[in-house]
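Secondary and tertiary structure notes
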Amino acid sequence: MVVKHHGEAKADQAKLFKKLALTPTQSQDATTLKEGADRTLGTLRGADGAAFDVAYQVDEHQKVLDTIDQKLLPAATGEDLTNELKKMRDSVESHLKEAKSLQAELSKTADK
């Protein structure tokens, strides 16, 4: 599900960039998110399969959600961009809730 949604989000981004004649650039925020994801990935290398996936998904989706809420939406101009960011936010929030739910289930299983 997450892979499918990420692919759809990238396609939607490309369409929006084309429609608005935008050229994507690397920002400090994007660099910070990528570096954080890489650090998290390194930290979690010792985790087992499902535990790794869930821990990684929770941390990274929370960071992306925070970036959307605190930086991207407040700075967005134009209805198309704002609507796309809101759509992206809903998807990220959904993934985060699912990851947290899975994390709770794994925690219950580990406690038994």
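The structure displayed is predicted, hence computed values, not measured ones.

**Here's the deal with the overall build of the protein**
Assigned secondary structure in the protein consists of four helices and zero strands. For the protein, the N- to C-terminal ordering of α and β elements is α-α-α-α. When each of the 112 residues of the protein is scored for burial, the buried share is 21%. Restricting to contacts in the protein with at least 6 residues of sequence separation, those with at least 24 account for 66%.

**Details of the nonpolar core**
With six residues, the main nonpolar core is built from V58, L65, I68, V92, L96 and A99. For this core, the secondary structure elements donating two or more residues are α3 (49-75) and α4 (79-111).

**Structural notes on the side chain of T67**
With respect to the helices, strands and loops of the structure, T67 is situated in helix α3. In contact with T67, not counting residues within four places along its chain, are L33 and L72.

**Concerning unusual backbone geometry**
Although it is not a glycine, A21 sits at a positive phi angle of roughly 55°. Mapped onto the elements, A21 comes out in the loop between α1 (2-19) and α2 (28-43). Among the residues examined, A21 registers a relative accessible area of 67% and is labelled exposed.

**Details of the environment of A37**
For A37, the position within the fold is in helix α2. Remark: the alpha-carbon pair of A37 and E60, spanning 23 residues in sequence, is separated by 6.4 Å.

**Considering the pattern of salt bridges**
Enumeration over the complete set of coordinates arrives at eight salt bridges. For K63, the salt bridge identified is with E60, shortest N-O distance 3.5 Å. With K63 and E60 both in helix α3 and three residues apart, this pair spans about one turn of that helix. We note a salt bridge from E93 to R89, for which the minimum N-O separation is 3.1 Å.

**Topic: the confidence of the model for the protein**
A low pLDDT score tells you not to read the predicted coordinates there in detail. Averaged over every residue, the pLDDT of the protein is 82; residues scoring 70 or more account for 81%. Model confidence for the protein, summarised as mean pLDDT per element, is weakest for α2 at 79 and strongest for α4 at 86.

**Remarks on the environment of D90**
For D90, the location among the structural elements is in helix α4. With relative accessibility at 48%, the residue D90 sits in the partly exposed group.

Conventions used here
Along every chain, residues carry numbers that run from 1 in the direction the sequence is written. Totals for whole chains, interfaces and linings use all residues, but because this is a predicted model, local features are given only for residues with pLDDT of at least 70 and pairs of side-chain atoms are given and counted only at 80 or more. Heavy atoms throughout the structure, all of them, feed into the side-chain values; hydrogens and water do not. Only DSSP runs of H or I covering at least 4 residues are called helices, and only runs of E covering at least 2 are called strands; the numbering of each starts at the N terminus. Categorising residues by exposure relies on relative accessible area from a 1.4 Å probe, with only protein chains included: less than 20% of the type maximum marks a residue as buried, more than 50% marks it as exposed, and the intermediate range marks it as partly exposed. Any pair of residues with heavy atoms lying within 4.5 Å of one another is described as a contacting pair. Working definition of a nonpolar core: buried Ala, Val, Leu, Ile, Met, Phe, Trp, Tyr and Cys residues. They are joined through side-chain atoms within 4.5 Å. What makes a salt bridge here is a side-chain nitrogen of Lys or Arg within 4 Å of a carboxyl oxygen of Asp or Glu, nothing more. Confidence scores here are pLDDT values: one per residue, from the predictor, ranging 0 to 100.

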